[in-house]
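# Remarks on the overall topology
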Amino acid sequence: MKKLIIAAIALATIAIAPTTYAQTKMVGGAAMYPTKDIVDNAVNSKDHTTLVAAVKAAGLVETLKSAGPFTVFAPTNEAFNKVPKDALASLLKPENKAALTKILTYHVVSGKLSAADLMAKIKAGGGKAELNTVSGGILTAMAQGKKVYLVDEKGGKSWVTIADVNQSNGVIHVVNTVLMPN
């Protein structure tokens, strides 16, 4: 009888435990908690230090900490390494804040779009979905098998490498290339 009670308590504990653990994903060696906002999670990812520095330089921290919801296609440090070093260094200068802001907000879509939502939009669009970005540009989402990729306005392609990193104010999809607006 004692074992039955202990088993019942254990099952009840599992049943009522918060689902946060199951939804937490690892990005850049750090847990991304769905109870934290986009910025509070991103600062812990060792793969997103360049993105975090750029968000700070553009003055977008408060925006990305707000209620949203936002869908963020977050380029990794490796993605930023594909950008010529001089161009990146120039973008991070205060006098180029407007250009940096345009590029960063081109990676953001209003609303929370999961990978399943993106796939549904792609299917409904006959293989393509146009996403209106916060910067006013268009990203084209497409699929190859079960993987989503994005094509920017200049024809560059970026793959979603980690999807559905849920945040308290939206979702992050990690991408492997910096997306460029016209």
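This one's a predicted model, so the numbers in the text were calculated from it and none came from an experiment.

## A word on the pairing of strand E5 (residues 129-132)
A one-sided burial pattern is seen for E5, the buried positions being Ala129 and Leu131 and the unburied ones Glu130 and Asn132. Here E5 pairs with strand E6 (residues 138-144) via 4 bridges, running antiparallel. Among the inter-strand pairings, Ala129 is bridged to a residue of E6, identified as Ala141. Hairpin remark: E5 followed by E6, antiparallel, with 5 residues in the connecting loop; positive phi at Gly136, about 100 degrees.

## Section: helix H8 (residues 97-105)
Among all positions in H8, only Leu100, Ile103, Leu104 and Thr105 are buried. Against helix H4 (49-58), helix H7 (85-91) and strand E4 (108-110) lie the buried residues of H8.

## Observations regarding H4
Among the residues making up H4, those that are buried are Leu51, Val52, Ala54, Val55 and Ala58. Summarising the axial view, the buried residues of H4 lie within an arc of 160 degrees, below the 170-degree limit, and thus occupy one face.

## Some remarks on the pattern of salt bridges
Evaluation of the coordinates by the stated rule reveals 3 salt bridges. Note that Lys65 and Asp40 form a salt bridge whose closest N and O atoms lie 2.8 Å from each other. Taken together, the residues Lys65 in helix H5 (residues 61-65) and Asp40 in helix H3 (residues 38-42) connect sequence positions 25 residues apart. What makes Asp40 partly exposed here is its relative accessible area of 33%.

## Description of unusual backbone geometry
Each neighbour pair has its own omega, and for Gly68 with Pro69 the value is 5 degrees, a cis peptide bond. Looking at the secondary structure, you find Pro69 in the loop between H5 and strand E3 (70-75). Backbone geometry places Asp164, a non-glycine residue, at a positive phi of 55 degrees. For Asp164, the location among the structural elements is in strand E8 (residues 157-167). Assessed through its relative accessible area of 23%, Asp164 is described here as partly exposed.

## Overview of the packing of H4 against H8
Between H4 and H8, the shortest axis-to-axis distance is 9 Å and the interhelical angle comes to 125 degrees. It follows from the interaxial angle that H4 and H8 lie oblique. As H4 packs across H8, the resulting crossing turns out to be left-handed. Of H8, the residues touching H4 (which contributes Leu51, Ala54, Val55, Ala57 and Ala58) are Lys97, Leu100, Thr101 and Leu104.

## Some details on the side chain of Asp152
As for its placement among the helices and strands, Asp152 is situated in the loop between strand E7 (147-151) and E8. Although buried, Asp152 forms no salt bridge, and the nearest oppositely charged side chain, Lys154, lies 7.8 Å from it. Of the polar contacts made by the side chain of Asp152, one reaches the backbone nitrogen of Lys154; its length is 2.9 Å. Polar side-chain contacts of Asp152 include one of 2.8 Å to the backbone nitrogen of Met180. Not counting residues within four places of it along the chain, the set of residues in contact with Asp152 comprises Tyr106, Leu139, Val178, Leu179 and Met180.

## Here we look at the environment of Asn132
Position of Asn132 relative to the elements: it lies in strand E5. Take Asn132: its relative accessible area is 54%, and that puts it in the exposed class. It is 10.0 Å that separates the C-alpha atoms of Asn132 and His107, two residues lying 25 residues apart in sequence. The contacts of Asn132, once residues within four sequence positions are left out, are Val109, Gly137 and Ile138.

Parameters at a glance
- Numbering of residues starts from 1 in every chain and runs along the sequence as written.
- Totals for whole chains, interfaces and linings use all residues, but because this is a predicted model, local features are given only for residues with pLDDT of at least 70 and pairs of side-chain atoms are given and counted only at 80 or more.
- Hydrogen atoms and water are omitted, and side-chain values are computed over all heavy atoms in the structure.
- Think of it in three bands: with a 1.4 Å probe and only protein chains considered, a residue is buried below 20% of the maximum accessible area for its type, exposed above 50%, and partly exposed in between.
- Helix numbering and strand numbering both begin at the N terminus, where a helix is a DSSP run of H or I of at least 4 residues and a strand a DSSP run of E of at least 2.
- By the convention used here, strands pair only if DSSP detects at least 2 bridges between them.
- Should any heavy atoms of two residues lie within 4.5 Å, those residues are considered in contact.
- Think of it as the arc spanned by the lines of direction from the helix axis to the C-beta atoms.
- Salt bridges are defined by distance alone: a side-chain nitrogen of Lys or Arg within 4 Å of a carboxyl oxygen of Asp or Glu.
- Only the stretch in contact is used when fitting a helix axis, every axis being a line fitted to C-alpha atoms; angles between N-to-C directions are given from 0 to 180 degrees.
- Note that the term roughly parallel is reserved for angles under 35 degrees, roughly antiparallel for angles over 145, roughly perpendicular for angles of 65 to 115, and oblique for everything else.
- Put simply, a crossing is left-handed when the front helix is turned counterclockwise from the back one by less than a right angle, and right-handed when it is turned clockwise.
- Under the convention used here, Asp and Glu are negative, Lys and Arg are positive, and both His and the chain ends fall outside the count.
- Polar contacts, as used here, are pairs of N or O atoms within 3.5 Å; protein pairs need one atom able to donate a hydrogen and one able to accept it. Residues neighboring in sequence count only if both atoms are side-chain atoms.

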